[in-house]
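Below are the chains, spelled out letter by letter.
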Amino acid sequence: MKLWGGRFSKQAAKLLDEFNASLPFDKDLYLEDIEGSIAHSAMLAKQGIITKEEADKIKEGLLEIKKEIENNEFKWDISDEDIHMAIEKRLIELIGDTGKKLHTARSRNDQVAVDFRRWVLKKNIEFTKSIKELIKTFVDIAKEHTNTLLPGMTHLQHAQPISFGYHMLAYASMFKRDYERFKQSFERNNINPLGCAALAGTPHNIDRFETTKTLDFKEPSINCLDTVSDRDFALEILFNISMLIMHASRIAEEMIIWSTSEFAFITLSDEYSTGSSIMPQKKNPDVPELIRGKTGRIYGNLMALLTVMKGLPLAYNKDTQEDKEGVFDSVKNGLISIEILKEALKTMTINKENMLKATKKGHLTATDLADYLVNKGIPFREAHHITGRAVALAESKGADLSELSINELKSIDERIGDDVNLTLENSMNSRKSYGATAPSRVKEQIEYFEKFLKENK
Ligand code: ARG
């Protein structure tokens, strides 16, 4: 007989059990469920709703169940429907009638809300930790490469010389925003649903502030009707992971391009590459490709839950049970993606010489010549034209603009003087505006991220 079977005269159909049950996946919430129940029963005792002895007995039984689950001795039965009823039923088996008092002043609606919310909050923290390590990885690479020239691109075309370190710190900036998003979601959603009961609260003299303290929430939620059907915390983590994996897919894409023989800017380590089953010579960038590919399911999970929640009338509806699998999936795939991205970055070889060679293609210092001429009082449009002629000269010599001698440059226009410097280094070093690529500015950025990492230990 079901725990809720009082008003039913027939057993549920087998097919219904399978369709209705969340137990196969919400098992993962067992710890949060047990902790929530221990906090709830202790509060009931403190308020004189059950006795201290009863609460102790309940706690003992719940800890026994925890052990059973962790030792793989727990007998899962799909007809229990979900983790909440599976544990409660077992508690009653273990301690008898006292176990039947646990569900006083509580409903599965606030129970699932508290369990799932706490699970998600913990994962927000796990993500922040993992992202910090990723940011540190970018900073470590940047430190080694504040002077390593790389063709900075727009439209995936050579644009201006930048340093590889600067490029890495663009990613540090992106992932710092992700860090902040997970942290802010944690703070915003750190509220206690327990005691909201089914939808309207309870006539029992409970103390929601007490369970708030025990369960380490910031405060109890203010409106129970909202709380039992609020899944914003789940949507937020799904969105945060979507944004995170989008960022990860961008560096992944670059790693894929950089590791081609056309670019050869990096070589992925053997540890994080795979071979081909037919072409013996191949080394494939499966790690970044998979990270890029994970965006599909992760965005899908976000869209799925947004759609589930759309138009749901207050308060709890069973639709909401569809909230968990997508979140579990995104969390699992998001965390492992960041973990492996970090390792692939740490272990890749950075081929400076190839980056330099590439930087010498495409006349990357053309803007520098135009800027130089503007400083000599020549209007920008004219400077642009003169520079075009200098580029044509370089082309005719099969050279890059940065490789022309001063005399060659002077032959283009008499206003070009001995002080002209179109080397790649000079171009990079001269971009000293705040947030720019000059090594002095990149060092400043490194300090900024190191300070951030130190302050967010
Ligand atoms: N398994 C359910 C879920 O995940 C728990 C809440 C059930 N509440 C209810 N009134 N049927 O949403």
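See the structure shown above.
Caption draft 1: Looking closely at the site of the ligand. As a matter of local geometry, the ligand sits amid Ser22, Asp82, His84, Arg108, Asn109, Val112, Tyr316, Gln321 and Lys324. The contact in question runs from an oxygen atom of the ligand to an N or O atom on the side chain of Lys324, over 2.5 Å. Considered on its own, the ligand offers 340 Å² of accessible surface; in the complex 86% of this is hidden by protein. Among the elements that line the shell around the ligand, the one with the most residues is helix H6 (residues 108-144), at 3 residues. Partitioning the shell around the ligand into residue classes produces 2 nonpolar, 4 polar and 3 charged.

Caption draft 2: Representation of unusual backbone geometry in the model. In the segment running from Leu314 into Ala315, the intervening peptide bond is cis, with an omega of -5°. Within the secondary structure, Ala315 is located in the loop between helix H11 (286-309) and helix H12 (324-347). The phi torsion at Ala197 lies on the positive side, around 55°, for a residue other than glycine. You can see Ala197 is positioned in the loop between strand S3 (191-192) and helix H8 (208-214). In this structure, His363 is a non-glycine residue whose phi angle is positive, near 55°. Using a relative accessible area of 12% as the deciding quantity, one classes His363 as buried.

Definitions and cut-offs
Residues numbered from 1 in each chain as written. Predicted model: local features only at pLDDT ≥ 70, side-chain atom pairs only at ≥ 80, totals over all residues. Heavy atoms only, no water. Near = heavy atom within 4 Å. Polar contact = N/O pair within 3.5 Å; in protein donor to acceptor, adjacent residues only side chain to side chain. Areas by Shrake-Rupley, 256 points an atom, 1.4 Å probe, with all protein chains shown as cover. Helix = DSSP H or I, 4+ residues; strand = E, 2+ residues; numbered from the N terminus. Nonpolar A, V, L, I, M, F, W, Y, C, P; charged D, E, K, R; others polar. Buried < 20%, exposed > 50% of the residue type's maximum accessible area, 1.4 Å probe, protein only.

None of the figures reported here should be taken as evidence of function without further support.
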